[in-house]
Amino acid sequence: MREPLIFEKSRKGRRGCSLPACDVDKENLEKLIPKKYLRQGSLGLPEVSEPDVVRHFVRLSQQNMGVDTNFYSLGSCTMKYNPKVNEDIANLPGFTRIHPYQPQASVQGTLQLLYEMEKLLCEISGMDRISLQPAAGAHGELTSLMMIKAYYEDIKEHRDTVLVPDSAHGTNPASSHLCGFRTVVVKSNKDGGIDLEDLKGKMSERVAVLMLTIPNTLGLFERNILEVSRIIHDRGGFLYLDGANLNALLGIVKPSDLGIDIMHFNLHKTFSTPHGGGGPGSGPLGVKGKLAAYLPAPTVEKDKKGYYLDYDRARSIGKVRSFYGNIEVIIKAYCYLRFLGREGLKKVSQNAVLNANYLMSKLKRYFYLPYDQPCMHEFVLSGVEGKMKDVRTLDIAKRLLDFGFHPPTIYFPLIVKEALMIEPTETESKETLDAFVSSMIQIRKEIDDDPSLVKQAPHNLSIGRLDEVKAAKELKLRWKEKKSGD
Ligand SMILES: *Cc1c(COP(=O)(O)O)cnc(C)c1O
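In this text, all values refer to a predicted model and were calculated from it rather than measured experimentally.

Novice: Looking at this structure, I do not really get the pairing of strand E2 (residues 161–165). What am I missing?
Specialist: Here is the key point about a regular strand: its side chains alternate between the two faces of the sheet. Burial analysis of E2 places five of its five residues in the buried class, the great majority of the element. Of the two faces of E2, the one carrying Thr161, Leu163 and Pro165 and the one carrying Val162 and Val164 are both buried. Bridge count for E2 against strand E3 (residues 182–186) is five bridges, and the pairing is parallel. Each bridged residue has a counterpart across the sheet, and for valine 164 the counterpart in E3 is valine 185. Considered for its hand, the β-α-β crossover made up of E2, helix H7 (residues 171–178) and E3 is right-handed. Direction of pairing for E2 relative to strand E4 (residues 207–213): parallel, over a ladder of three bridges.

Laid out in C-alpha cells, this is it:
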C-alpha cells in the first residue's frame, strides 16, 4: 500500500480530461503583465489521468486514521464522534455565502446564532458574558490573561505572577509567558490534586491568577476547589478555568459555582467539531462580573431593532481575531447543543465518565494506575512496569496501531512517568471499549513473552517508525524535479 507521490506517477502529456480545442484567440500575457512578474520555468504540475487522481487520493485517505475510521482515545483532546448533520447545517448557503462586511441588517440570522450561542455557554458555565472570538483554547487563555493584565493596570495593582499546577497543559505556562507574566509552578499532592500548603506559600499580592484545569489532566476532580478558590480570592487574585475537560461536567456542575472568574471553552473538543492536524477550532472565553468590560470587541448585542455588533467598548482589550471568530465551528457547536439540550448534555458527561471508569477498572489489573481512585472522563496509566523490560509507552502506542486503535495521549501529564492518558468519550459502544481492552491485555502479555514484537511495532501499517526528530527538522514540503542520475 505504499502510495507514491502524485508527481512520481506523472507521465509527460497524460491528461485527466480531453477538452475541445479553445476557439478564443490567445492573448500574449507579456502585453498585459510586466515580464518580471511572469513565471519563467514550467509549473511542474503532475500529468496524470482521472483514475490516477481518484485512486491516489482515495488511497491516501484510507491511510489516514481518524475518528470516522478508528477508536481514538487521545486523552485531553476529547476525540468524540462528530455528527455529520452539524456539517450539513454549517454548510447551508445562508451561512457560507455571507461576507463579513455585509450590512449587519442583512446578516441577522448569523448574529442571532452568535447571540444565542453566548447565552447557551453562559447557562452551561454560569459566566456572565462570553466572547466567541478566540480561535482555540490556547488563544482563549492568552486573551484572558491580556484582559486580567489590563484590569490590574486599571486599578493600579502590580501583579506579575501566574500560578500553574505541575499537571497543567503546556499551553498554560506558554500563554502566561507570552503575556509577559512570571510563571510559578504549584505542586500536586499525593492524591493528584493541588497541594494546598504549597499553594498558600506561593499565593501573594503579586499573583494575578491561578490557572486550573478541572477535572485535572489526571482525570481527577479537584476536591479542594472551594478551599483553593478562597485562598486565591482572599489575596485579590482571579481563578481561571482551563475548560478543555468540560466534557466531564456538562449539566452537572457550573464552573461559576466552583469560584471560577474566567475560563475558556474548547468548542472543537467538548461540542463535537472535527479537530486535529491544526484546526480550525474555537476557544470562546467566559467571564464573571468586573472582567466583562475588558472582553474583546465587538460583542454581539440585541436591541429593539435587532442584533448588532458593539465596537463601542471603552475598556475592551480590542480585537483578537479577524471578524467574529471561526464561525463555522461555532455553528456546529451550536447545532450540537440544540440537538442535545439540557438533559442530553448531562447524559454526555455521565456516559463519558462511565466509559472512562469502565476502561480504567478493566485495565488497572494489567497496567500500573498511579492515582487509584474513581476518575472523571479520562485516566492516566503508567508504562513504568513495561519499561523494566525495556518496552516504553511509545512502543505500546505504536503496537496499538496494529490492532486498529489510535493511541492514547502519551508522556502527558508530565507528573506521571511514561504516561498513557486514555479518554474514551461518551460516543463509544461497550463492544468497542471491550475490543480496546482485549488489545491492551494482549500487548501486556507480549511485553512479558515477546517484547521485541512491541518494540518494533507497528507491523501492519504502510509506514513503520519515522525518525520523528528528522521529520520535524527536515520538512520536505516541496517536490523537486528528479535530475537524471538521482
Ligand atoms: C487542548 C488543551 C488545551 C489547548 O487547547 P487548544 O484548543 O488545542 O488550543 C489547553 N489545556 C488542555 C488541558 C487541553 O487539553
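From this point, the narrative continues.
Novice: Please clarify how the nonpolar core should be interpreted in this entry.
Specialist: If you look at soluble globular proteins, the nonpolar side chains tend to sit buried side by side. Counting residues in hydrophobic clusters, the biggest one holds 58 residues, and the most contacted among them are Val228 and Phe271. Ranked by the residues each element gives to this core, the list is headed by helix H11 (residues 327–363), at twelve residues. Per-domain counts for this core show at least three residues from each of domain 2 (84–339) and domain 3 (348–472). Residue contacts for phenylalanine 271: discarding those within four places in its chain leaves Leu121, Ile124, Leu246, Leu250, Phe265, Asn266, Lys332, Ala333, Tyr336 and Leu337.

Novice: I tried to follow the packing of H11 against helix H14 (residues 430–449) on my own but got confused; where do I start?
Specialist: Relative placement of two packed helices is described by the angle separating their axes and the distance separating the axes. Two numbers describe how H11 lies on H14: the axes approach to 10 Å, and their chain directions differ by 25°. Taken as axis vectors, H11 and H14 run roughly parallel relative to one another. Crossing angle aside, the handedness with which H11 passes H14 is right-handed. Contacts between H11 and H14 involve Asn355, Tyr358, Leu359, Lys362 and Leu363 on the former and, on the latter, Lys430, Leu433, Asp434, Phe436, Val437 and Met440. By residue class, the composition of the contact of H11 with H14 is seven nonpolar, one polar and three charged.

Novice: I keep staring at H7 and nothing clicks. Help me out?
Specialist: Since there are 3.6 residues in each turn of an α-helix, residues three or four apart along the chain are aligned in direction. Every buried residue belonging to H7 is among Asn172, Ser175 and Ser176, and all of these are buried. Within H7, the buried residues cover an arc of 100° as seen down the axis, which keeps them to one side. The exposed residues of H7 that point more than 90 degrees off its buried face are His177 and Leu178. Packed against the buried residues of H7 are helix H6 (137–154), E2, E3, E4 and strand E5 (238–242). Of the residues one or two after H7, glycine 180 is the one with positive phi, at around 85°.

Novice: Help me understand the sheet that holds strand E10 (residues 379–382) in this model?
Specialist: Two pairing modes exist for strands in a sheet, parallel and antiparallel, and in both the strands are linked by backbone hydrogen bonds. Reading across from one edge, E10-E12-E11 is the order of the three strands in this open sheet, with antiparallel pairing throughout. Sheet topology places E10 and strand E11 (409–410) at the edges, where each strand pairs with a single neighbour. Two elements, E10 and strand E12 (residues 419–422), share four bridges in a ladder whose sense is antiparallel. Bridged to phenylalanine 379 within E12 is isoleucine 422.

Novice: Whenever I open this one, the site of the ligand confuses me. Can you help?
Specialist: Taken together, the residues surrounding the ligand are Ser76, Ala136, Gly137, Ala138, Glu141, His169, Thr171, Asp242, Ala244, Asn266, His268 and Lys269. Here glycine 137 contributes a backbone N or O atom positioned 2.7 Å from an oxygen atom of the ligand. Contact between the ligand and aspartate 242: a nitrogen atom at 2.5 Å from a side-chain N or O atom of the residue. With the chains in place, 88% of the 380 Å² that the ligand exposes on its own is no longer accessible.

Novice: So what exactly am I meant to see when it comes to the sheet that holds E2 here?
Specialist: As summarised here, the arrangement of the seven strands in space is E1-E7-E6-E5-E4-E2-E3, forming an open sheet in which the pairing is mixed. Two strands bound the open sheet, and with one partner strand each, they are strand E1 (129–131) and E3. The sheet shows a mean angle of 20° between the axes of neighbouring strands, taken without regard to direction. In this sheet, E5 lies alongside E4 in parallel orientation, the contact comprising five bridges. Bridge pairing in E5 places methionine 211 opposite tyrosine 240. In this fold H6 packs onto E2, E4, E5, strand E6 (262–264) and strand E7 (285–287), with an angle of close to 170° to the strand it touches most, E5. Across the sheet, H7 lies against E2, E3, E4 and E5, angled at about 155° from E3, the strand it touches most.

Novice: Looking at this model, I keep getting lost on the domain arrangement of the chain. Mind explaining?
Specialist: Often, the extent of an interface is quoted as the loss of accessible area on bringing the components together. By domain assignment, the chain separates into domain 1 (1–63), domain 2 (84–339) and domain 3 (348–472). One C-alpha centre belongs to domain 1, the other to domain 2, and the line joining them spans 45 Å.

Novice: Honestly, helix H13 (residues 393–402) in this entry has me stumped. Any pointers?
Specialist: Within H13, nine of the ten residues are buried, leaving the element largely enclosed by the surrounding structure. Listing the buried residues of H13 in full gives Thr393, Asp395, Ile396, Ala397, Lys398, Arg399, Leu400, Leu401 and Asp402. The elements touched by buried residues of H13 are E11, E12, H14, helix H15 (451–455) and helix H16 (468–473). Just downstream of H13 lies glycine 404, where phi reads positive at about 85°.

Novice: Before we go on, may I ask you to explain the environment of asparagine 355 in this structure?
Specialist: With respect to the helices, strands and loops of the structure, asparagine 355 is situated in helix H11. Only 2.9 Å separates the side chain of asparagine 355 from the backbone oxygen of threonine 425, close enough to count as a polar contact.

Novice: Can you help me understand the pairing of strand E8 (residues 299–303) in this one?
Specialist: For E8 and strand E9 (residues 306–310), the ladder comprises five bridges, and the chain directions are antiparallel. For valine 300, the partnering residue across the bridge sits in E9 and is leucine 309. Where E8 folds back onto E9 in an antiparallel hairpin, the turn is made up of two residues.

Novice: Honestly, the environment of isoleucine 148 in this entry has me stumped. Any pointers?
Specialist: By the element assignment, isoleucine 148 lies in helix H6. Between the C-alpha atom of isoleucine 148 and that of phenylalanine 238, which follows or precedes it by 90 residues, the distance is 8.2 Å. When residues no more than four places from it in sequence are discounted, the contact partners of isoleucine 148 are Ala208, Val209, Phe238, Ile262 and Leu291.

Novice: Whenever I open this one, the packing of aromatic side chains confuses me. Can you help?
Specialist: The relation between two aromatic rings is expressed through the spacing of the ring centres and the mutual angle of the planes. The tally for this structure, following the rule as stated, stands at eleven aromatic pairs. With a centroid separation of 5.2 Å and 85° between ring planes, the pair formed by phenylalanine 71 and phenylalanine 436 is classed as edge-to-face. Taken together, the residues phenylalanine 71 in the loop between helix H2 (50–62) and helix H3 (84–90) and phenylalanine 436 in helix H14 connect sequence positions 365 residues apart. Across this residue pair, the class does not change: phenylalanine 71 and phenylalanine 436 are buried. The ring of tyrosine 115 carries lysine 119 above its face, with NZ or CZ at 4.4 Å from the centroid.

Here is what the cut-offs are and how they apply
Residues numbered from 1 in each chain as written. Predicted model: local features only at pLDDT ≥ 70, side-chain atom pairs only at ≥ 80, totals over all residues. Heavy atoms only, no water. Buried < 20%, exposed > 50% of the residue type's maximum accessible area, 1.4 Å probe, protein only. Helix = DSSP H or I, 4+ residues; strand = E, 2+ residues; numbered from the N terminus. Pairing = 2+ DSSP bridges. Right-handed = clockwise from strand over helix to strand, strands pointing away. Core = buried A, V, L, I, M, F, W, Y, C linked by side-chain atoms within 4.5 Å. Domains from an automatic or database assignment. Contact = heavy atoms within 4.5 Å. Axes fitted to C-alpha atoms, helices over the stretch in contact; angles between N-to-C directions. Parallel < 35°, antiparallel > 145°, perpendicular 65-115°, else oblique. Left-handed = near helix turned anticlockwise from the far one by under 90°. Nonpolar A, V, L, I, M, F, W, Y, C, P; charged D, E, K, R; others polar. Arc of directions from axis to C-beta. Near = heavy atom within 4 Å. Polar contact = N/O pair within 3.5 Å; in protein donor to acceptor, adjacent residues only side chain to side chain. Areas by Shrake-Rupley, 256 points an atom, 1.4 Å probe, with all protein chains shown as cover. Phe/Tyr/Trp six-rings, centres within 6.5 Å; stacked < 30°, edge-to-face > 60°. Lys NZ or Arg CZ within 6 Å of the ring centre and 35° of its normal.

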